[in-house]
Amino acid sequence: MKKELEGFIEPGSEEEKLIKKIDFSRLPRHIAIIMDGNGRWAKERNLPRIRGHEEGIKSVKETVETCARLGIKYLTLYAFSKENWKRPKTEVNALWKLLENYLRNEDKILVENNLSLKMIGQLEGLPNSVQRELKRVIDLTKNNNGMYIILALNYGGRTEIVDAVRKLFDEAKKGFDINNLDESSFSKFLYTSEFPDPDLVIRTSGEMRISNFLLWQIAYSEIWITPVLWPDFRKRDLLEAILDYQKRERRFGGLSPSDYS
Ligand code: FPP
């Protein structure tokens with residue numbers, strides 16, 4: 001077993017059996033997760049919705065640790081969409097408070113484990129205290145390069161594309177020749193310009209939707225949907241997603257090698 005996983009995976013456990021099947025030379029470089037089902041998890045237990053979000057933080061921590069130990073390079077977590085502002089103010093405020101506390105409590109762990117925090121979305125729309133914490137932790141971890149944790153906050157895929165077009169217009173005014181625009185140069189105007197496209201998108205809670213997440217970037221991503229609600233999502237689920245990804249053949253619109261003969 002990889003040394004990073006020793007002591008983390010119980011010998012003889014279900015997780016150990018799954019790990020043994022993983023091909024470490026073909027890990028997804030970038031995993032992006034739509035963390036859904038916190039509300040339903042709470043409702044099933046007659047608890048307030050916010051208890052579901054609190055429980056979801058445990059899944060965030062376990063997923064971050066598992067990805068880092070496996071050797072995943074980029075992990076994007078859809079934590080707050082532009083549409084989430086429509087929720088009751090108490091829930092919205094509680095979500096921001098949870099995020100702020102997460103950043104306060106996890107900063108040392110991120111530093112000690114060489115993890116770098118990044119954000120995609122519209123920073124200006126966030127509560128001031130969250131903006132401050134985010135900037136602090138992003139700055140604190142900016143030289144780390146073990147794994148990049150990219151939080152999608154106040155994020156919308158369509159807004160991202162509109163924002164990219166605005167930036168493009170600014171560049172065109174400064175002399176950028178629009179005839180030179182192609183998919184690769186357009187990508188540089190997106191929030192995700194520094195990151196590769198996701199190889200694997202995971203959505204919890206069984207909904208078969210993309211919900212305005214990374215619309216441009218997931219053109220050729222593999223999608224894995226599980227009925228498990230986000231607060232119940234554990235390393236076993238992540239390992240199953242990776243194994244399923246490794247069974248697939250990514251053709252990017254081409255043919256299987258055997259079909260060319
Ligand atoms: C979706 O569940 C989840 C969210 C809108 C928020 C996700 C946020 C967290 C897990 C906590 C903060 C994150 C980090 C990165 C520290 P839902 O409420 O839509 O569930 P439902 O569809 O069952 O109602």
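Our structure is the block above this text.
The model shown is predicted, which means the values in this text are computed figures rather than measured ones.

Here we look at the pairing of strand β6 (residues 222-225)
For a regular strand, side chains alternate in direction, first toward one face of the sheet and then toward the other. Every second residue of β6 is oriented toward a common face, the buried set being Glu222 and Trp224 and the non-buried set Ile223 and Ile225. In this sheet, β6 lies alongside strand β5 (residues 200-203) in parallel orientation, the contact comprising four bridges. Each bridged residue has a counterpart across the sheet, and for Arg203 the counterpart in β6 is Ile225.

Observations regarding the environment of Pro231
Considering the arrangement of structural elements, one finds Pro231 in the loop between β6 and α8 (235-247). Among residues more than four places away in sequence, those in contact with Pro231 are Gly37, Asn38, Trp41, Gly52, Glu55, Gly56 and Ser59.

Quick notes on the sheet that holds strand β1 (residues 30-34)
In spatial order, the strands read β3-β4-β2-β1-β5-β6; together these six strands make up an open sheet with parallel pairing. Each end of this open sheet is capped by a strand with a single partner; those strands are β3 (115-120) and β6. Each strand of the sheet is rotated relative to its neighbour by a mean of 20 degrees, with strand direction disregarded. On the sheet, helix α4 (residues 89-112) packs against β2 (74-81), β3 and β4 (147-155) and is oriented at approximately 165 degrees with respect to β4.

Focus: the packing of α4 against helix α5 (residues 128-140)
Following both chains from N to C, one finds α4 and α5 inclined at 15 degrees, their axes separated by 10 Å at the closest point. Taken as axis vectors, α4 and α5 run roughly parallel relative to one another. α5 is crossed by α4, and the crossing has left-handed handedness. Where α4 approaches α5, its residues Trp96, Leu99, Glu100, Leu103, Arg104, Asp107, Leu110 and Val111 are matched on the opposing element by Ser129, Val130, Glu133, Leu134, Arg136, Val137 and Leu140.

Some details on unusual backbone geometry
Phi is positive for Asn114, close to 60 degrees, though the residue is something other than glycine. By relative accessible area, which is 31% here, Asn114 ends up partly exposed. The phi angle at Ser211 is positive, at roughly 50 degrees, despite the residue not being glycine. Among the secondary structure elements, Ser211 is positioned in the loop between β5 and β6.

Quick notes on the pattern of salt bridges
One pass over the structure, following the stated rule, counts 30 salt bridges. Glu55 is the partner of Lys58 in a salt bridge, and the nearest nitrogen-oxygen pair spans 3.0 Å. With Lys58 and Glu55 both in helix α3 (residues 49-70) and three residues apart, the pair spans about one turn of that helix. Salt-bridge contacts for Glu65 lead to Arg69; the nearest nitrogen and oxygen are separated by 2.9 Å. Taken as a pair, Glu65 and Arg69 lie in helix α3 at a separation of four residues, close to a single helical turn. Relative accessible area serves as the criterion here: at 27%, Arg69 is assigned to the partly exposed category. Shared partners join several salt bridges into a network, and the residues in it are Lys97, Glu100, Arg104, Asp107, Glu133 and Arg136.

Analysis parameters
Residues numbered from 1 in each chain as written. Predicted model: local features only at pLDDT ≥ 70, side-chain atom pairs only at ≥ 80, totals over all residues. Heavy atoms only, no water. Buried < 20%, exposed > 50% of the residue type's maximum accessible area, 1.4 Å probe, protein only. Helix = DSSP H or I, 4+ residues; strand = E, 2+ residues; numbered from the N terminus. Pairing = 2+ DSSP bridges. Contact = heavy atoms within 4.5 Å. Axes fitted to C-alpha atoms, helices over the stretch in contact; angles between N-to-C directions. Parallel < 35°, antiparallel > 145°, perpendicular 65-115°, else oblique. Left-handed = near helix turned anticlockwise from the far one by under 90°. Salt bridge = Lys/Arg side-chain N within 4 Å of Asp/Glu carboxyl O.

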